[in-house]
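What follows is each chain in one-letter form.
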Amino acid sequence: MISERINLSTGPVNISREVRKALSAPAISHRSAAFRELFNNTSELLCRTFSVHQAFIMSGSGTLANEAMLYQVKMLGSKGLILSNGEFGSRLLRQAERISLDFVKYELDWGQSFNLPEITAMLQAGDIKWLLFCHCETSTGVLNDLDALAALCSSCNCLCFVDCISAAGAMPLNLSKVSMATASSGKGLAACSGLALILSNISPQTDNRMPLYYDIAYYSDKCQVPFTISSNLIDALYVSMQQKITAHQAGLIHQYCHQFFAILNTYDLAPYSSPDSRVFTIIFPEDRLNAFIHQMTDKQVALSHESEYLKKRTWTQLAVFGYYQEEQLNYAANALEQSIQSVLDVKKHQELFK
């Protein structure tokens, strides 16, 4: 056994001692010179890490970041195409409908891969000027091909907008070819939730009909900090990025994601995943799911299973978003295999004596 729970949920994520220390430090005013230096350093680090021109940091969740991005899309005044193959693609569709964006949709069943020739035909046939999609569809773990879709947008003279909330920090990510992307502090960047991030290569636009809080052009006018924002959350993000965005952490996560996939794939339990996934949706027979969750909980490994969309489908998820030591991931891999074997052996034993 281990002395501390290992968090392999989709959030809140595993954070380091240094991030905890930053969160517990005395707060400083968001109007102070010390805060301005910290904020600027964090913003510059985000820009360098993801190869973008500007980073906007807002108080709120990833959903708020998407709302602010969608208002920028609306400012274009043109028709677009929104792709969906899971819960979070569907959420983008609902958000777009609520603010009356002009768009057509390309909607597939959960877990299906986007068909690039079909999307190409849609972009070329209509007056489509922008494209929006999720890079990592958290609900299944499917990785949609950001590089291919960004290249397609470029060839079709179309702006590319991407929800990268479950990808940023969890895997190498170059956003130099996209117009705008979203992220959050509480997923792959391994800090505490509470900061919404917009990573942009285009200048923000504004008008008086846009809610002020979502108006990132107003943030630009006010030196990026128009409203109260927590110095602790900014500090935690800055500290975490310096620890998480390293070759060592990237290699460790790559290695163990391949190992998690190999274990799950041996038992045909992760139909939507690949070795490069960072979220593994685990589908047990319904009568075995709770036993598996209890086994992992007893071994002090936390998974995700309480989200509405997971409960509805009796799924659970293992995500590798946080900051980890190798012994933690090695222990978790052994716990995963032992728990699967135990649950499936019990089921087999029960079937033999029916």
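Within each chain, residue numbers correspond to sequence positions counted from 1 in written order. Owing to the predicted nature of the model, reporting of local features is limited to residues with pLDDT of at least 70; listing and counting of side-chain atom pairs is limited to 80 or more, with chain, interface and lining totals taken over all residues. Computation of side-chain values: all heavy atoms of the structure, hydrogens and water removed.

Novice: Just give me the short version of the overall build of the protein chain, but keep the residues and values in it.
Specialist: Secondary structure elements are defined from DSSP: runs of H or I of at least 4 residues count as helices, runs of E of at least 2 residues count as strands, and each element is numbered from the N terminus. For the protein chain, the count of helices and strands is twelve helices and 13 strands. In terms of C-alpha radius of gyration, the protein chain reaches 21 Å, essentially the compact-globule figure of 20 Å for 354 residues. Once the C-alpha set of the protein chain is aligned to its principal axes, its extents read approximately 70 × 55 × 30 Å. Whether two residues touch is decided by their heavy atoms; if any such pair falls within 4.5 Å, the residues are in contact. Here the contacts in the protein chain between residues at least 6 apart in sequence split such that 71% fall between residues at least 24 apart. Values of the radius of gyration come from C-alpha atoms, whereas the globule rule sets the reference at 2.2 Å times the count of residues to the power 0.38.

Novice: An account of the sheet that holds strand S8 (residues 159-163) is requested, with residue identities and associated values reported.
Specialist: The strands making up a sheet associate through backbone hydrogen bonding, with each pair oriented either parallel or antiparallel. A pair of strands is labelled paired if DSSP reports no fewer than 2 bridges between them. Strands sit in the order S2-S10-S9-S8-S5-S3-S4 across an open sheet of seven strands; the sheet is mixed. Two strands close off the open sheet at either side, each with one partner strand: strand S2 (54-59) and strand S4 (103-107). With strand direction ignored, the average angle separating the axes of adjacent strands in the sheet is 20 degrees. In this structure, strand S5 (residues 128-134) lies alongside S8, joined through five bridges in parallel fashion. Bridging across to S8, Leu132 finds its partner in Phe161. Each axis is a line fitted through C-alpha atoms, taken for helices only over the stretch in contact, and angles between the N-to-C directions span 0 to 180 degrees. Strands in contact with helix H3 (residues 62-75) are S2, S5, S8, strand S9 (180-184) and strand S10 (195-200); relative to S9, the strand with the most contacts, it is inclined by about 165 degrees.

Novice: How would you sum up the packing of helix H5 (residues 116-125) against helix H6 (residues 146-155)? Please name residues and give values.
Specialist: Two elements in contact, H5 and H6, have axes separated by 11 Å at closest approach and are oriented at 25 degrees. One finds that H5 runs roughly parallel with respect to H6. Where H5 crosses over H6, the handedness of that crossing is right-handed. Together, Leu116, Ile119, Thr120 and Leu123 of H5 and Ala148, Leu149 and Leu152 of H6 make up the contact between the two elements. Here the term charged refers only to Asp, Glu, Lys and Arg, the term nonpolar to Ala, Val, Leu, Ile, Met, Phe, Trp, Tyr, Cys and Pro, and the term polar to all other amino acids, Gly among them. When its residues are assigned to classes, the contact of H5 with H6 shows six nonpolar, one polar and no charged. If an angle is under 35 degrees, it is roughly parallel; if it is over 145, roughly antiparallel; if it lies from 65 to 115, roughly perpendicular; otherwise it is oblique. Note: crossing handedness is left-handed where the near helix turns anticlockwise from the far helix by less than a right angle, and right-handed where it turns clockwise.

Novice: Hey, could you go over the packing of aromatic side chains for me, with residue numbers and the actual values?
Specialist: For Phe, Tyr and Trp, rings pair up if their centres lie within 6.5 Å, where Trp contributes its six-membered ring, and each pair is then called stacked (planes under 30 degrees apart), edge-to-face (over 60) or tilted (otherwise). Applying the stated criterion across every chain, the model contains eleven aromatic pairs. Measuring from centroid to centroid gives 5.8 Å for Phe88 and Tyr309, while their planes differ by 90 degrees, and the two rings are edge-to-face. Remark: Tyr309 occurs in helix H11 (residues 308-313) and Phe88 occurs in helix H4 (residues 87-98); sequence separation between them is 221 residues. Each member of the pair, Phe88 as well as Tyr309, carries the same accessibility label: buried. Aromatic side chains Tyr272 and Trp315 sit 5.7 Å apart centroid to centroid with 55 degrees between the ring planes, which places their arrangement in the tilted category. Here Trp315 lies in the loop between H11 and strand S13 (316-319) and Tyr272 lies in the loop between helix H9 (247-266) and strand S11 (279-282), a separation of 43 residues in the sequence. Ring pairing ties together the aromatic residues Phe88, Trp110, Tyr272, Tyr309 and Trp315, which thus form one cluster. We call a residue buried when its accessible area falls under 20% of the maximum for its residue type, exposed when it is over 50%, and partly exposed in between, using a 1.4 Å probe and counting protein chains only.

Novice: Quick rundown of the pairing of S5? Include the residues and the values.
Specialist: In terms of burial, S5 is a largely internal element, six of the seven residues being buried. By the bridge criterion, four bridges tie strand S3 (residues 79-84) to S5 in an arrangement that is parallel. Residue pairing across strands places Lys79 opposite Ile128, the latter belonging to S5.

Novice: Could you give me a rundown of H4, with the residues and numbers involved?
Specialist: To estimate the expected span of a helix, count its residues, drop one, and scale the result by 1.5 Å. Counted at 1.5 Å a residue, the expected span for H4 with its twelve residues is 16 Å, and the 17 Å between its end C-alpha atoms agrees. Three or more residues of H4 are buried, namely Glu87, Phe88, Gly89, Ser90, Leu92, Leu93, Gln95 and Ala96. One or two positions beyond H4, positive phi appears at Ser100, with a value near 60 degrees.

Novice: I'd love a proper account of the state of the cysteines, names of residues and values included.
Specialist: Any two cysteine sulfur atoms within 2.5 Å of one another count as a disulfide. Applying the stated rule across the entire model yields zero disulfides. The closest cysteine sulfur to the non-disulfide-bonded Cys134 is located on Cys136, 8.5 Å from its own sulfur. Cys160 carries a free sulfur, and the closest cysteine sulfur to it, the one in Cys153, is 4.0 Å from it. By relative accessible area, Cys160 is classed as buried at 1%.

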